[in-house]
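A look at the structure
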Amino acid sequence: MKSVPKPRNKAASKPTINDIARLAGVSKKTVSRVINRSGSLHDDTREKIEAVIRETGYVPNPQARALALGRNFLIGLVHDNPNAQMILNMQQGILEALRDTDFELVVRPVDRSSPDMLDDVRSFLVRQRLYGVVLLPPISEIDALARLCEEVNCKYVRMGSSVLDDPDHMVASNDRDAVIEATRHLIAHGHRRIGLISGPHGFNSAQVRRDGFEFALAEAGIKLPRSLIADGQYTFESGITAAESLFDLQPRPTAIFACNDEMAAGVLFAARSRGIAVPEELSIIGFDDTPIAARVWPPLTTVRWPIVAMGRSAALKIIGDATSVSPEDQEPSTFVSTLVRRGSVAPPMK
């Protein structure tokens, strides 16, 4: 193909979509279809237009593209989750996917207990004209919210601790299996009286993790009295409160599995306050592998939840058709959580 002449005068130093259409010998609408990756075109036509775009250095106008698509280049992150670190990690993953693209991230907290929650989300999606949205647990577990996204023609991906949707609309982890491994780790060290600090009621992640914990105990023939289960809210403060209730038991547990790192750190704080040595007198395991797990002393044994990778994959599922991501590059839908062994677990004192 002959080299495409570049504009000569200063005013034309930045080629327009009209220039591309003229140089490629096609209509402006055809160029727009190539830019927005919409509609079917002959491969030779698409390749010719893309070659002109490369040679002229043409950069599509994001506002014009948004107008053509009827949507803004915005990805929403909608959540009702008390775990601030989890939100930050998810944002990091999404922003990694959006780097060097026209897309930006907007974050919107909601109240899942509000009777107006669905109407509020609908208003947000329509008003912002979002290209797509990532839904975090527990609201990601609401099927009506997924249907709402489809109704307003907004792409969506749901995050969860188990399968919630088809692969194009989901990123999920194997929380149950990971907690089974973590609980087996405590049992292998000789622990038999193990306490559980569960997550908030209504969270699928809390139920899945509790299921894994109970399965591992039953597998080992260990009974779980109700008194060894304390309710938590995925917060540091709730971890302290739950730990205090478990410490008041006679005999108290020799190990505690907390359903996230924030609560596990609360357990460690409460143990120090009572003069209970960790791990000599109490072993602790958390879940998430957030930065706090490696920064406390002793550093926490925990389950590494690949939140950043899940966030990156969720965003790429949404923007793949509007970027240079190849259709063959299928983003994964399932992610493996793994046990990270640190210094907070030891055999119980005899």
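This part takes up the overall build of the chain. Within the chain, the regular secondary structure consists of 13 helices and 12 strands. The buried share of the chain, reckoned over its 350 residues, is 50%. Carbon and sulfur atoms make up 51% of the accessible area of the chain, which amounts to about 16,600 Å² in all.

Quick look at helix H6 (residues 117-128) now. Here H6 contains 12 residues, and its C-alpha end-to-end distance of 17 Å stays within 8% of the 16 Å for a straight helix at 1.5 Å per residue. Buried within H6 we find Met 117, Val 121, Phe 124 and Leu 125. Looking down the long axis of H6, one finds its buried residues gathered within 95° of arc, a one-sided arrangement. Packing partners of the buried residues in H6 comprise strand E1 (74-79), strand E2 (104-109), strand E3 (132-135) and helix H7 (143-151). Positive phi shows up at Arg 129, right after H6, with a value of about 50°.

As a further point, take the sheet that holds strand E8 (residues 255-258). Spatially, the six strands line up as an open sheet ordered E7-E6-E8-E9-E10-E12, and their pairing is mixed. Either end of the sheet is taken by a strand with one partner, and the two such strands are strand E7 (229-231) and strand E12 (338-340). Across the sheet, the axes of successive neighbouring strands diverge by a mean angle of 20°, strand direction being ignored. Looking at chain direction, E8 and strand E9 (residues 283-288) are connected through three bridges and run parallel. Paired with Ile 256 across the two strands is Ile 284, which belongs to E9.

In this section: a negative patch on the surface. Negative charge collects at one region of the surface, where Asp 111, Asp 116, Asp 119 and Asp 120 lie side by side. Within the secondary structure, Asp 111 is located in the loop between E2 and H6.

Enumeration over the complete set of coordinates arrives at seven aromatic pairs. Arranged with centres 6.1 Å apart and planes meeting at 15°, the rings of Phe 73 and Tyr 131 form a pair that is stacked. A residue pair is termed long-range when its members are at least 10 positions apart, and Phe 73 in the loop between helix H4 (62-69) and E1 and Tyr 131 in the loop between H6 and E3 qualify at 58 residues. Residue Phe 73 is classed as buried on the basis of its relative accessible area of 6%. Taking the relative accessible area as the measure of exposure, Tyr 131 reaches 2% and is therefore buried. An aromatic cluster of at least three residues, connected via ring pairs, comprises Phe 73, Phe 103 and Tyr 131. If you follow Arg 176 out to its NZ or CZ, it ends over the ring of Phe 215, 4.9 Å from the centre. A cation over an aromatic ring shows up here: Arg 209 above the ring of Trp 305, its NZ or CZ 4.7 Å from the ring centre.

Looking now at the confidence of the model for the chain. The predicted coordinates ought not to be read in detail in places where the model reports low pLDDT. On average, residues of the chain score 87 in pLDDT, and 87% of them reach the 70 mark or higher. Every residue in residues 7-11 scores below 50 in pLDDT, and together they form two contacts with partners more than four places removed in sequence or on other chains.

The subject of this paragraph is the sheet that holds E3. The sheet built from six strands is open, its strands ordered E2-E1-E3-E4-E5-E11 with parallel pairing. Two strands in the sheet have a free side with no partner beyond their single neighbour: E2 and strand E11 (334-335).

Procedures and definitions
Residues numbered from 1 in each chain as written. Predicted model: local features only at pLDDT ≥ 70, side-chain atom pairs only at ≥ 80, totals over all residues. Heavy atoms only, no water. Helix = DSSP H or I, 4+ residues; strand = E, 2+ residues; numbered from the N terminus. Buried < 20%, exposed > 50% of the residue type's maximum accessible area, 1.4 Å probe, protein only. Areas by Shrake-Rupley, 256 points an atom, 1.4 Å probe, with all protein chains shown as cover. Expected span 1.5 Å × (residues − 1). Arc of directions from axis to C-beta. Contact = heavy atoms within 4.5 Å. Pairing = 2+ DSSP bridges. Axes fitted to C-alpha atoms, helices over the stretch in contact; angles between N-to-C directions. Patch = residues over 30% accessible without salt bridge, like charges linked within 9 Å, V, L, I, M, F, W, Y side chains within 5 Å. Salt bridge = Lys/Arg side-chain N within 4 Å of Asp/Glu carboxyl O. Lys, Arg positive; Asp, Glu negative; His and termini not counted. Charge placed at Lys NZ, Arg CZ, Asp CG, Glu CD. Phe/Tyr/Trp six-rings, centres within 6.5 Å; stacked < 30°, edge-to-face > 60°. Lys NZ or Arg CZ within 6 Å of the ring centre and 35° of its normal. pLDDT = per-residue confidence, 0-100.

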